[in-house]
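Here are the chains, one letter per residue:
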Amino acid sequence: MKLPLLATRVGILAVKLSVAVLVALSILPLLMGGIGIGLEDEEEGEWALDGSTIRLEAPLMVSNDGFFDVTDLRVGFTFKDRDGNVLAVSEMDPVDIPAGRETAIPIEIALDLYDLDRQTRSDLIFNGTDMAFDLSVQARYTWNLVGMSVDGGSEMGWDALLGDLQVRSDMAYLREMDGNQTVVVPFTLYANDMVRDGQALALTEYWDSQGYYANVTQMVDLSDNIWEEAAVPLSSEAYDRVMTGEEQLTVRVTLFFLDCSNYEETTFTEQWGWGG
């Protein structure tokens, strides 16, 4: 099963963020005597999903070893899709960096998924996608007499928030309980750290070669390793056909999350017996 890699890429992104800001400010040591920047306590920050908004909050420590205060330091981020279209803009409040001191500045990057078009949002949720963000830094120094503005950029890859959906037809079985006849079809998927403890809606559809159709919906709790079983109701005739001989069956599981959907479908022929 594919492992979720977003946590790793978040770390890479945070490092790129630090490097990008450091490069943007690299002009200052030539005039001021030195300035450094890094993540507080070497923590890289974590992305979190708040409703429909993805946020990254990371406190940055800026040390000013120069002769002059840095005033009105502003850092802005612009998210872009792979085609260069602007998706969202975040900008931090201005911060002063006194000379001879180390100052913590809170960086927050926010991206509301509903600001994305449905296809881009669906790719980010179910497939992963590539994005870019531009970084802009503005500041003043030398008693506010000198100003600077530096732009940079970086690319980042997003792994799926919900991925590797598999219909486990090899583990399906028939079940009869209290007069109710069902076919139980397991399905598996993984959930990224950001969406764990949330829920997604799953629709499981079943049909056979004789035209019988049934479906069932259920809420799926998102956790590290997800194994769900969908119990699809069968008519007596459909149940008997499966029990007494080979029958071509099709099962489709569709996940719904943030107004987007993705499905996995399998068609198989199975000689059934009692199971589960």
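As shown above, the structure is provided for reference.
Draft legend 1. Spatial organisation of the overall build of the protein chain. On a plain count of helices and strands, the protein chain comes out with four helices and 17 strands. Looking at the 276 residues of the protein chain, the share that counts as buried comes to 49%. Across the protein chain, every contact between residues at least 6 apart in sequence was considered, and the portion connecting residues at least 24 apart equals 65%. Carbon and sulfur atoms make up 46% of the accessible area of the protein chain, which amounts to about 13700 Å² in all.

Draft legend 2. Quick peek at the packing of aromatic side chains. The tally for this structure, following the rule as stated, stands at two aromatic pairs. Ring plane angle 65 degrees and centroid distance 6.3 Å describe the contact between Y206 and Y212, whose orientation is recorded as edge-to-face. This pair shows no difference in class: Y206 is buried, exactly as Y212 is. Over the ring of Y263 we find R252, and its NZ or CZ is 4.4 Å from the ring centre.

Draft legend 3. View of the pairing of strand 16 (residues 247–257). Within strand 16, eight of the eleven residues are buried, leaving the element largely enclosed by the surrounding structure. Inspection of the sheet shows strand 13 (residues 199–208) paired to strand 16 by eight bridges, in the antiparallel sense. Residue pairing for strand 16: Y206 is matched across the bridge by V251.

Draft legend 4. The arrangement of the pattern of salt bridges in detail. Applying the stated criterion across every chain, the model contains six salt bridges. A salt bridge links D170 to R168; the nearest nitrogen and oxygen atoms lie 3.1 Å apart. Residue classification places D170 among the exposed positions, given a relative accessible area of 52%. The shortest N-O distance in the salt bridge between R241 and D208 comes to 2.7 Å. Pair noted here: R241 is in helix 4 (residues 236–244) and D208 is in strand 13, with a separation of 33 residues, a long-range link. Beyond isolated ion pairs, a larger network of salt bridges with shared partners links D193, R196 and D224.

Draft legend 5. Main features of a nonpolar patch on the surface. A cluster of nonpolar residues, L201, M219 and F256, forms a patch on the protein surface that exposes about 250 Å² of accessible area. Here L201 is to be found in strand 13. The exposure class assigned to L201 is partly exposed, which follows from its relative accessible area of 32%.

Draft legend 6. Fine view of helix 3 (residues 118–127). With seven of ten residues buried, helix 3 is to be regarded as a mostly interior element. If you check which residues of helix 3 are buried, you get T120, R121, S122, D123, L124, I125 and F126. A side-chain oxygen of the first residue of helix 3 lies 3.1 Å from the backbone nitrogen of Q119; this N-cap is D117.

Draft legend 7. Representation of the environment of T204 within the structure. Take T204: it is sitting in strand 13. For T204, a relative accessible area of 0% translates into the label buried. The spacing of T204 and E229 is 25 residues in sequence and 9.7 Å in space, taken between C-alpha atoms.

Draft legend 8. Geometry of helix 4. If you check which residues of helix 4 are buried, you get A238, Y239 and V242. Take helix 4 and look down its axis: the buried residues cluster within an arc of 100 degrees, on one side only. Summarising the geometry of helix 4, the exposed residues directed more than 90 degrees from the buried face are E237 and T244. Buried residues belonging to helix 4 abut strand 11 (173–177), strand 12 (180–191), strand 13 and strand 16.

Draft legend 9. Region of the structure containing the nonpolar core. Core analysis: the biggest nonpolar cluster contains 65 residues, and F79, M131, L162, Y206, L222 and F257 have the highest contact counts within it. Y206 has contacts with V183, Y212, Y213, A214, V232, L234, V242, L249, T250 and V251, leaving out every residue within four places of it along the chain.

Draft legend 10. Highlighting unusual backbone geometry. Residues other than glycine seldom take positive phi values, yet D164 does so here, at roughly 60 degrees. One can find D164 in strand 10 (residues 162–167). We note that D259 has phi near 65 degrees; this positive angle belongs to a residue other than glycine. Its location among the elements puts D259 in the loop between strand 16 and strand 17 (260–270). Accessibility expressed as a relative area gives 52% for D259, which makes it exposed.

The rules we used
- Residues numbered from 1 in each chain as written.
- Predicted model: local features only at pLDDT ≥ 70, side-chain atom pairs only at ≥ 80, totals over all residues.
- Heavy atoms only, no water.
- Helix = DSSP H or I, 4+ residues; strand = E, 2+ residues; numbered from the N terminus.
- Buried < 20%, exposed > 50% of the residue type's maximum accessible area, 1.4 Å probe, protein only.
- Contact = heavy atoms within 4.5 Å.
- Areas by Shrake-Rupley, 256 points an atom, 1.4 Å probe, with all protein chains shown as cover.
- Phe/Tyr/Trp six-rings, centres within 6.5 Å; stacked < 30°, edge-to-face > 60°.
- Lys NZ or Arg CZ within 6 Å of the ring centre and 35° of its normal.
- Pairing = 2+ DSSP bridges.
- Salt bridge = Lys/Arg side-chain N within 4 Å of Asp/Glu carboxyl O.
- Patch = residues over 30% accessible without salt bridge, like charges linked within 9 Å, V, L, I, M, F, W, Y side chains within 5 Å.
- Polar contact = N/O pair within 3.5 Å; in protein donor to acceptor, adjacent residues only side chain to side chain.
- Arc of directions from axis to C-beta.
- Core = buried A, V, L, I, M, F, W, Y, C linked by side-chain atoms within 4.5 Å.

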